[in-house]
Amino acid sequence: MTLIKSISGIRGTIGGPAGEGLTPVDIVKFTYAYCAMLRKRKAPFGPRYKVVVGKDARLSGDMVEQLVCGTIMASGMDVVKCGFASTPTTELAVTFSGADGGIILTASHNPRQWNALKLLNEHGEFLTAEQGQAILDCADKGEFDFAPVDELGTVEEHDYTDEHIDSVLKLEAVDVDAIKAAHFKVVLDAINSVGGIIMPRLLERLGVECIELNCNPTGDFAHNPEPLPANLTELCETVVKEKADLGISVDPDVDRLALICENGQPFVEEYTLVSVADYLLGLAEKQGVKDPKTVSNLSSSRALRDVTEKHGGTYYASAVGEVNVTTKMHQVGAIIGGEGNGGVIYPASHCGRDAMVGVALFLSNLAHNGMKVSEYKKTLPQYAIAKNRIELSDKALIDKILEAMKERFASEKVTTIDGVKVDFEERREWVHLRRSNTEPIIRVYSEAPTAERAEALGAEVVALANSLIG
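Numbers given to residues run from 1 along each chain, matching the order in which its sequence is written. Thresholds applied to this predicted model are a pLDDT of at least 70 for local features of residues and 80 or more for the giving and counting of side-chain atom pairs; totals over whole chains, interfaces and linings are not thresholded and use all residues. Derived side-chain values reflect all non-hydrogen atoms in the structure, with water molecules and hydrogen atoms excluded from consideration.

Caption draft 1: A look at the environment of A116. Strands here mean DSSP runs of E at least two residues long; helices mean DSSP runs of H or I at least four residues long; both are numbered from the N terminus. Residue placement: A116 occurs in strand β6 (residues 114-120). For the pair A116 and I27, spaced 89 residues apart in sequence, the C-alpha to C-alpha distance is 8.8 Å. Beyond its immediate chain neighbours, meaning those up to four positions away, A116 contacts I10, R11, L22, I104, L105, T106 and A107. Contacts were defined at the residue level, with two residues in contact if any of their heavy atoms lie within 4.5 Å.

Caption draft 2: Representation of the sheet that holds strand β7 (residues 155-157). Strand pairing is assigned whenever DSSP identifies at least 2 bridges connecting the two strands. The strand order β1-β2-β6-β5-β3-β4-β7 describes an open sheet built from 7 strands, whose pairing is mixed. At either end of the open sheet lies a strand with only one pairing partner, and these are β1 (3-6) and β7. For this sheet, the mean inter-axis angle between neighbouring strands, taken without regard to orientation, is 15°. On the sheet, helix α1 (residues 24-41) packs against β1, β2 (9-13), β3 (50-55), β5 (101-105) and β6 and is oriented at approximately 5° with respect to β6. For every element, the axis is a line fit to its C-alpha atoms; helices are fit only across the contacting stretch, and the angle between N-to-C directions ranges from 0 to 180 degrees.

Caption draft 3: How the structure looks around unusual backbone geometry. At H183, a residue that is not glycine, the phi angle is positive and equals roughly 50°. Of note, H183 is situated in the loop between α6 (176-182) and β8 (185-189). Each residue is assigned to one of three classes by its accessible area relative to the maximum for its type, calculated with a 1.4 Å probe on protein chains only: buried under 20%, partly exposed between the two thresholds, exposed over 50%. Look at H183 and you get exposed, because its relative accessible area is 63%. The phi dihedral of V254 is positive, around 65°, even though this residue is not glycine. With respect to the element layout, V254 can be found in the loop between β10 (246-250) and β11 (257-260).

Caption draft 4: Quick peek at the packing of helix α14 (residues 396-408) against helix α15 (residues 451-468). For the pair α14 and α15, the least separation of the axes is 10 Å and the interaxial angle reads 120°. What the angle tells us is that α14 and α15 run oblique. Of the two elements, α14 crosses α15, and the hand of that crossing is right-handed. Where α14 approaches α15, its residues K400, I401, A404, M405 and R408 are matched on the opposing element by V461, L464, A465 and L468. Each residue is assigned to one class: nonpolar for Ala, Val, Leu, Ile, Met, Phe, Trp, Tyr, Cys and Pro, charged for Asp, Glu, Lys and Arg, and polar for all the others, Gly among them. A breakdown of the residues in the contact of α14 with α15 according to their chemical character gives 7 nonpolar, no polar and 2 charged. The labels follow the angle: roughly parallel below 35 degrees, roughly antiparallel above 145, roughly perpendicular from 65 to 115, and oblique for the rest. It is the rotation of the near helix from the far one that decides the hand of a crossing: anticlockwise by less than a right angle makes it left-handed, clockwise makes it right-handed.

Caption draft 5: Up close: the nonpolar core. Among the buried residues, those of types Ala, Val, Leu, Ile, Met, Phe, Trp, Tyr and Cys that are joined through side-chain atoms within 4.5 Å form a nonpolar core. Counting residues in hydrophobic clusters, the biggest one holds 58 residues, and the most contacted among them are M199, L206, I248, F267, L280, L361 and L363. In this view, I248 contacts V186, V187, L188, D189, L203, L235, L257, A258, L259 and V359; residues no more than four positions away in its chain are not counted. If you look at the next biggest cluster of nonpolar residues, it comprises 29 residues, including I10, Y34, M37 and L38.

Caption draft 6: How the structure looks around the pattern of salt bridges. By convention in these notes, a salt bridge is any Lys or Arg side-chain nitrogen within 4 Å of a carboxyl oxygen on Asp or Glu. Applying the stated criterion to the full structure yields 28 salt bridges. Where R256 meets E269, a salt bridge forms, and the shortest distance between an N and an O atom there is 2.8 Å. Of the two residues, R256 sits in the loop between β10 and β11 while E269 sits in the loop between β11 and α9 (270-286), which places them 13 residues apart along the sequence. Exposure remark for R256: the relative accessible area of 3% places this residue in the buried category. Between K310 and D278 there is a salt bridge, and its shortest N-O distance comes to 3.3 Å.

Take a look at the structure:
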């Protein structure tokens, strides 16, 4: 059993003795701490505090939802209960309802036995590191001060799925007429979670024929829920069998988007953001926008930078983590950003990863360029990423290795905002070393124009690190 506490929330496996998983006690403590910090952070918008709660379809969702909603009410705050809702739907529901914050009940791409609480501010965005740490500290103290009976909170139920879809269709860059005229046929794998509710409705509104796989929101995931090629063989085969234009895969909370080409080959998760950015940057260029900005994290593909510069824009990198990406996007005024795991963040909608926005923009792009997905993929900068790790017996060795790498590659472009990233500009390669927050390991991501070279670069760095620790 596992329980992981971090500044972005609390997550763990359900069941087992206290201290060895995500237990009801943990859920109550953490929810109370969020409510306590909410009172300190800001005055309520209305006469009372209001918190939105949404959940994905995993098996423990009802249990966790009841504990969370009950604790919010016991803290004297009102609940807007969204029921089954994607992560981006819950984020938008915070602003749609004028709430003071929100809690998303999802363990994202983790397996069925996991669940988690993800915490939002009044803008429907994730909390800062400082705010998250304050909640952890409060929960650890275990000092509770619940409301008297006359001041308990209330519960209002509201499904924001259709409002979310309406907001996507109203986006200026989403060309609904062009998508309808293209008569697309797609296959959707929604992993038996909430994507099976919202995504077919969106596609229907866009005039897209949708063949559904695993779209019954039972929470009994049909395969490993992370949308990686190894887990999407059924989707790939069905796309070819049905002669579909595109395959669509989303994770259980629908904030990540992976695509499959018409020939059954992965479009590759890294290229979800790159392709959407290529479309939006092209529109900006036609509209005469000067120096459009994009953002992704340090471990994401260089392809976004290449596409941005091709369209006359400027690319910025952030530390890994969605809140770090959105913070940098706010700072520079980015028109698009995200992460290489299929996370598209489009500020014209909201500052959170959103697979619905990603699909609508990708289909708009496809309708405009008139190309098959595999043909369009060839027009983008070609890179491959390799993922390795350095396993250590002592966390104290991590800083030693990172410092040694910084010195070893001092003649190259080195970035140290999140571990150590080395850019080999002439070779169009990079390697990024960053610590794990939960294990004594260093994650090593490397990218190059070919998979062979990316693997070789990663292996070289791992071998160098191992030589440093004997």
